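Okay, here's what each chain looks like letter by letter:
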Amino acid sequence: MIHGGQLQEAKQQFPDAVLPWIDLSTGINPYAYPFLSISTERWTELPSVHDELQLRKIAAHCYGAEDESYVIAAPGTQILISLLPYIFKAKQVCVLCPTYMEHVNSWQQAGIPAHQVASLGELMKFASQDQVVGVICNPNNPDGRLFSKSQLQDIANYWAQFKNHLIIDEAFMDFEGEGAGSLLPHPALTILRSFGKTYGLAGVRLGFLLSDLDHIERVRQMLGPWAISGAALQIGLQALQDRSWFLQSQRQLSLQAKQLDQLFLTHQCQIVGGTHLFRLIEYPKAQTLWKYLASQGIWVRKFEYNAHWLRFGLPHKQQWDRVQKTIRDYFSAG
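This is a predicted model, so every value here is computed, not measured.

Engineer: Please provide a residue-by-residue account of the layout of surface pockets, values included.
Structural biologist: Within this model, the largest pocket holds a volume of roughly 860 Å³. Around the largest pocket, the lining comprises 42 residues; the ones closest to its centre are H3, G4, Y100, N141 and R301. Within the residue set of the lining of the largest pocket, elements represented by two or more residues are α4 (77-87), α5 (102-109), α8 (196-199) and β12 (301-303). Each residue belonging to the lining of the largest pocket can be placed in one class, and the counts come to 20 nonpolar, 14 polar and 8 charged. Roughly 420 Å³ of volume is contained in the second largest pocket. For the second largest pocket, the lining is made up of 20 residues, of which H61, C62, Y63, R243 and F246 are closest to its centre. Among the secondary structure elements, those contributing two or more residues to the lining of the second largest pocket are α3 (49-63), α10 (230-240) and α11 (243-266). If one sorts the elements of the lining of the second largest pocket by residue count, α3 sits on top with 4 residues. In terms of residue class, the lining of the second largest pocket is made up of 7 nonpolar, 8 polar and 5 charged.

Engineer: Which residues make up the sheet that holds strand β2 (residues 71-74), and what values do they have?
Structural biologist: The strand order β2-β8-β7-β6-β5-β3-β4 describes an open sheet built from 7 strands, whose pairing is mixed. A strand with exactly one partner marks an edge of an open sheet, and here the two such strands are β2 and β4 (114-117). Taken over all neighbouring pairs, the strand axes of this sheet differ in orientation by 20 degrees on average, direction set aside. Here strand β5 (residues 132-137) pairs with strand β6 (residues 165-169) via 5 bridges, running parallel. Bridge assignment links C137 to a residue of β6, and that residue is D169. In the packing of α3 onto the sheet, the strands contacted are β2, β7 (189-194) and β8 (207-210), and the crossing angle to β2 comes to about 115 degrees.

Each value, and the rule that gives it
Residues numbered from 1 in each chain as written. Predicted model: local features only at pLDDT ≥ 70, side-chain atom pairs only at ≥ 80, totals over all residues. Heavy atoms only, no water. 1 Å grid on protein atoms, 1.4 Å probe; cavity = no way out; pocket = protein on both sides within 12 Å on 5 of 7 lines; lining within 4 Å. Points joined across faces, edges and corners; volume = space filled by probe spheres on them. Helix = DSSP H or I, 4+ residues; strand = E, 2+ residues; numbered from the N terminus. Nonpolar A, V, L, I, M, F, W, Y, C, P; charged D, E, K, R; others polar. Pairing = 2+ DSSP bridges. Axes fitted to C-alpha atoms, helices over the stretch in contact; angles between N-to-C directions. Contact = heavy atoms within 4.5 Å.

Below is the structure:
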């Protein structure tokens, strides 16, 4: 399974699974933001330049950037990841792994060597080489490893000494604390932020890139006019200003993450890490557990590079009893 959310694959592999399926293979908030109805004009007219400007201003405030000139909106962070090799003139890229593998794939598809390293020390060795881009997911997917803002500042400053660039993917940062946006403008720093994961609206396709003025302008030219739909602009404007909903969702997710951790600790599984939106466990018979869960209509993420790991998205509270019972039944059966 390369990505989460591929329920069609689940249905083909396990046609006799218990229904309905519960998809825990993604790291998307199970509590979607309850946006107001979309006005008809958002569907019939071209997206508003004014709305896009307002969205960028609000995003700059949310993510800590000085102002909207350091922020650009895009139809999801995935398209930004695909554009990165064409935004930066790099001879090679170094990605701190294991992580979200599209960062490796996008550079390789552009014909640029992508090195996968397992430690920050190894990543830093590439900083002094000619025309290198470094990539760090923070917090990391799937293990939740988290660098502080001061650590990222030191890392970026070091890369800047050699006129190289560092990309920080903060797709899962919203509920975790302060990101690196306030470090901008910085000559060596670009940041990605996701909207759909936090607000449970992956289908809206909205994401943001924060960087210096030159790179923002380059992305703007690549995306062209009207890159964000009118509906996405309206939903983004609503959601990013609703602090009350955000804090309530954060509290709910925090409680459920602890609840899920405790369930696995009760059954001698190791909690490797995670975020408010997913948990990673280590269990010697993870492949057997994965297969059993799938047979019971619960789809979670497994990893080719580590057969002992499983990643669980957080279930909706209405799904919790079924998820808990299924996991308990597996372990009680021995």
